[in-house]
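Fold and geometry: a report
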Amino acid sequence: MVDTNFKSNIPTHEIKLGNGDIVVFYDYITTGESREIQKMLIEGGKFNSETSKLENISASTFLGIQDKSAKFVIKEVKIGGADSKEFTQEWLDALPVELGNTVYEEVNKVTQAS
């Protein structure tokens, strides 16, 4: 039987937050996920053909990309180190800013490396 859940084959790593929650991250995003993020960047900014760089990306576009990336990168959360729970944006939004920033920093590392 063919495994159609390709994400199940992606290695993971964990980070323990100061509140005891453990966040399980995929080590990389898929090509399809990367292209979704690229589409959001292109739609939210202006491509400068002379410099080959995107410019004028709004803060709201950037934050939307981070939230979408979190959904791609975070496999699960172990609340208080207990049983795994599916990641939700609501969980992330409810964290104190310092802990949320720690999560987003890791999300950025994974997506930038991909």
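Described below are features of the structure shown in this document. Small disclaimer: the values here were computed from a predicted structure and weren't measured. (Residues numbered from 1 in each chain as written. Predicted model: local features only at pLDDT ≥ 70, side-chain atom pairs only at ≥ 80, totals over all residues. Heavy atoms only, no water.)

With antiparallel pairing, 4 strands are arranged side by side in an open sheet as E1-E2-E5-E6. Edge strands, defined here as strands with exactly one partner in the open sheet, are strand E1 (12-16) and strand E6 (84-86). On average, each strand axis in the sheet is tilted by 30 degrees relative to the strand beside it, whichever way the strands run. Pairing of E1 with strand E2 (residues 22-26), which is carried by 5 bridges, proceeds in the antiparallel orientation. Directly across from Thr12, in E2, lies its bridge partner Tyr26. Lying over the sheet, helix H2 (residues 59-73) contacts E2 and strand E5 (74-78), oriented at roughly 75 degrees with respect to E5. Docked against the sheet, helix H4 (residues 97-113) engages E1, E2 and E5, running at close to 15 degrees with respect to E2. (Pairing = 2+ DSSP bridges. Helix = DSSP H or I, 4+ residues; strand = E, 2+ residues; numbered from the N terminus. Axes fitted to C-alpha atoms, helices over the stretch in contact; angles between N-to-C directions. Contact = heavy atoms within 4.5 Å.)

This next bit is on helix H1 (residues 31-44). For H1, which comprises 14 residues, the first-to-last C-alpha distance of 20 Å matches the rise-based estimate of 20 Å (1.5 Å per residue) to within 8%. Contact partners of the buried residues in H1: H2 and H4. (Expected span 1.5 Å × (residues − 1).)

The next thing to look at is unusual backbone geometry. One non-glycine residue, Asn56, lies in the positive phi region at around 60 degrees. Among the secondary structure elements, Asn56 is positioned in the loop between strand E4 (53-55) and H2. Here Asn56 falls in the exposed class, since its relative accessible area comes to 62%. (Buried < 20%, exposed > 50% of the residue type's maximum accessible area, 1.4 Å probe, protein only.)

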